[in-house]
Amino acid sequence: MPKVKRGRRKPPPDGWDIIEPTLDELTGKMREAESESHEGKRKTEALWPIFKIHHQRSRYVYELYYKRRAISKELYDYCLKEGHADGNLIAKWKKNGYENLCCLRCIQQKDTNFGTTCICRVPRKQLDEPIECQHCGCRGCSG
């Protein structure tokens, strides 16, 4: 998750003042999650709130541009360039079968023992009991 870069030479495109308060609020939540104490949690559990907020921020920009058509192409590109949204995650959301993907770690096959995707990618109908992803804490993003 890249840091949000500020202070560029170019001013933000038109429409930035509409989405800026929401992105600033999510950035504040991200700072709180990063500084939160992780005592009593597993190593991976400490990162779950950060993954969740990162997903929310990217999903917000994605829905504004692709679903609601509320922002321009220039503003969308600006948000990706400045690190307000994850371009790789948004590219996966546009593909069939990945519309609800929680994070990119869940589809990386090199992170698992058997070279498969995460358990959260298995449809809920095929599981006997509810599961929780150990990478990001989601409860199923297969759809």
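Residues numbered from 1 in each chain as written. Predicted model: local features only at pLDDT ≥ 70, side-chain atom pairs only at ≥ 80, totals over all residues. Heavy atoms only, no water.

Another aspect to go through is the overall build of the chain. Looking only at helices and strands, the chain has four helices and zero strands in total. Written out in order from the N terminus, the α and β elements of the chain read α-α-α-α. Dimensions of the chain along its principal axes, counting C-alpha atoms only, are 50 × 40 × 25 Å. Here the chain, with 143 residues, has 35% of them falling under the buried criterion. Excluding contacts between residues fewer than 6 apart, the proportion of contacts in the chain whose partners are at least 24 apart in sequence is 54%. Within the structure as shown, the chain displays about 9,600 Å² of accessible surface, and the carbon and sulfur contribution to it stands at 48%. Averaging the coordinates of the 28 positive side-chain charges in the chain and doing the same for the 20 negative ones gives two points 5 Å apart. (Helix = DSSP H or I, 4+ residues; strand = E, 2+ residues; numbered from the N terminus. Buried < 20%, exposed > 50% of the residue type's maximum accessible area, 1.4 Å probe, protein only. Contact = heavy atoms within 4.5 Å. Areas by Shrake-Rupley, 256 points an atom, 1.4 Å probe, with all protein chains shown as cover. Lys, Arg positive; Asp, Glu negative; His and termini not counted. Charge placed at Lys NZ, Arg CZ, Asp CG, Glu CD.)

If you look at the biggest cluster of nonpolar residues, it comprises 30 residues, and the most contacted ones within it are Ile19, Val61, Ile71, Cys102, Cys106, Cys120 and Cys136. When residues of this core are traced back to their parent elements, those giving at least two are α1 (16-35), α2 (48-67), α3 (73-82) and α4 (87-93). Apart from the residues lying within four places of it in its own chain, the contact partners of valine 61 are Leu23, Ile71, Tyr76, Cys79 and Ala85. (Core = buried A, V, L, I, M, F, W, Y, C linked by side-chain atoms within 4.5 Å.)

All right, on to the environment of glutamate 45 then. By the secondary structure assignment, glutamate 45 is in the loop between α1 and α2. Each C-alpha atom, one on glutamate 45 and one on cysteine 120, is 15 Å from the other, the two residues being 75 residues apart in sequence. Engagement of the side chain of glutamate 45 in a polar contact is seen with the side chain of arginine 42, the distance being 3.1 Å. (Polar contact = N/O pair within 3.5 Å; in protein donor to acceptor, adjacent residues only side chain to side chain.)

Scanning the entire structure with this criterion turns up six salt bridges. For glutamate 36, the salt bridge is made with lysine 41, and the minimal N-O distance between the two is 3.0 Å. Residue class for glutamate 36 comes out partly exposed when judged on its relative accessible area of 41%. What makes lysine 41 partly exposed here is its relative accessible area of 33%. Across the salt bridge formed by arginine 42 and glutamate 45, the nearest N and O atoms sit 3.1 Å from each other. (Salt bridge = Lys/Arg side-chain N within 4 Å of Asp/Glu carboxyl O.)

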